[in-house]
Amino acid sequence: MTALSLEQKLAQYHEFFAIEHDFSVNITPIDKDQAGSFEGFMAKMPMPFKLATEMNSIDQSALRSLQILGSSASQLVSFLNQQSQKIDLLVGYILSQQDEIQHRHQGVKFGGGGIKFIAATAFDVGQLLELKIFLIENNCAIYCYGEVIAVESANERFAYKVTFHFIREEDREILVRTSLHEQSKQLQKLAKLRKQESER
């Protein structure tokens, strides 16, 4: 893998749409020699994160298949949604066990290129981090490695921009899809508020 300049890493971070949204992220610093290869990263990935991504991919595949059947599949869709919700609850509980309070920080922005989080801890630009991203209300949890590419100081705390160092493509796709879904929810909420204000 060729070494990218800081400008290239920042461009990589901004390459994808990102949305401001509060979420939990577990952060553990790792040494560059610990980061190793992508294969080593995959071997270290906890099983619940592999399971969560597989479940998400299966759901998307099943929904695409059912859309072809059209209106005749409405009862089947309803039944499968109920089954999916049960599984989501179980997977959500399993994932919540991976959220370690001593490593928890406040995420404020995410997308397919990276995340932004707030912490009192000081990290250097170039520091590699093990990330466990929890977007539980979207049934989404991602395990990846990131690299600090920018830091801003504010009120004795720091805001960090982190680009992904190692991430599975299917996990990146889930983050992209989730960011767009979250944007849609925010726009609907805004439209509802504007309608309420205009009706006063």
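Anything mentioned here points back to the structure above.
Residues numbered from 1 in each chain as written. Predicted model: local features only at pLDDT ≥ 70, side-chain atom pairs only at ≥ 80, totals over all residues. Heavy atoms only, no water.

1. Let's talk about the overall build of the protein chain
Link 1 in the chain: Of regular secondary structure, the protein chain possesses six helices and six strands.
Link 2 in the chain: Seen in sequence order, the protein chain has helices and strands lined up from the N terminus as α-β-α-α-α-α-β-β-β-β-β-α.
Link 3 in the chain: Within the span of the protein chain, comprising 200 residues, buried residues form 37% of the whole.
Link 4 in the chain: Relative to all contacts within the protein chain whose residues are 6 or more apart in sequence, the contacts with residues 24 or more apart total 74%.
Link 5 in the chain: Accessible surface for the protein chain amounts to roughly 11,900 Å². Of this, 54% is attributable to carbon and sulfur atoms. (Helix = DSSP H or I, 4+ residues; strand = E, 2+ residues; numbered from the N terminus. Buried < 20%, exposed > 50% of the residue type's maximum accessible area, 1.4 Å probe, protein only. Contact = heavy atoms within 4.5 Å. Areas by Shrake-Rupley, 256 points an atom, 1.4 Å probe, with all protein chains shown as cover.)

2. Concerning the sheet that holds strand E1 (residues 18–30)
Link 1 in the chain: Read once around its circumference, the closed barrel built from six strands follows the order E1-E2-E3-E6-E5-E4, with strand pairing classed as antiparallel. Neighbouring strand axes in the sheet, compared pairwise and without regard to direction, differ in orientation by 45° on average.
Link 2 in the chain: Where strand E3 (residues 114–119) meets strand E6 (residues 157–166), six bridges bridge the pair, whose relative direction is antiparallel. Following the sheet pairing, Ile-118 is matched in E6 by Ala-159. (Pairing = 2+ DSSP bridges. Axes fitted to C-alpha atoms, helices over the stretch in contact; angles between N-to-C directions.)

3. Some thoughts on the side chain of Arg-172
Link 1 in the chain: Note that Arg-172 resides in helix H6 (residues 169–198).
Link 2 in the chain: Owing to a relative accessible area of 17%, Arg-172 belongs among the buried residues under this scheme.
Link 3 in the chain: A polar contact is formed between the side chain of Arg-172 and the backbone oxygen of Gly-112, at a distance of 2.5 Å.
Link 4 in the chain: The contact partners of Arg-172, leaving out residues within four places of it in the chain, are Phe-16, Gly-112, Gly-113, Phe-164 and Ile-167. (Polar contact = N/O pair within 3.5 Å; in protein donor to acceptor, adjacent residues only side chain to side chain.)

4. Re a nonpolar patch on the surface
Link 1 in the chain: Where nonpolar side chains cluster on the molecular surface, the patch consists of Leu-6, Val-125 and Val-151 and spans about 220 Å² of accessible area.
Link 2 in the chain: Here Val-151 shows up in strand E5 (residues 140–154). (Patch = residues over 30% accessible without salt bridge, like charges linked within 9 Å, V, L, I, M, F, W, Y side chains within 5 Å. Salt bridge = Lys/Arg side-chain N within 4 Å of Asp/Glu carboxyl O.)

5. As for the pairing of strand E4 (residues 128–135)
Link 1 in the chain: Of all eight residues making up E4, eight are buried, and the element is well covered by its neighbours.
Link 2 in the chain: In E4, alternate side chains face the same way, and those of Leu-128, Glu-130, Lys-132 and Phe-134 on one face and Leu-129, Leu-131, Ile-133 and Leu-135 on the other are all buried.
Link 3 in the chain: Looking at chain direction, E1 and E4 are connected through seven bridges and run antiparallel. Bridged to Pro-29 within E4 is Leu-129.
Link 4 in the chain: Linking E4 back to E5 in an antiparallel pair, the connection comprises four residues, with Asn-139 at a positive phi of about 50°.

6. Points about the packing of aromatic side chains
Link 1 in the chain: Applying the stated criterion across every chain, the model contains 14 aromatic pairs.
Link 2 in the chain: Ring geometry for Phe-41 against Phe-166: centres 5.7 Å apart, planes inclined by 35°, an arrangement best described as tilted. In this pair, Phe-41 sits in helix H3 (residues 38–44) while Phe-166 sits in strand E6, placing the two residues 125 residues apart along the sequence.
Link 3 in the chain: Accessibility expressed as a relative area gives 0% for Phe-41, which makes it buried. (Phe/Tyr/Trp six-rings, centres within 6.5 Å; stacked < 30°, edge-to-face > 60°.)

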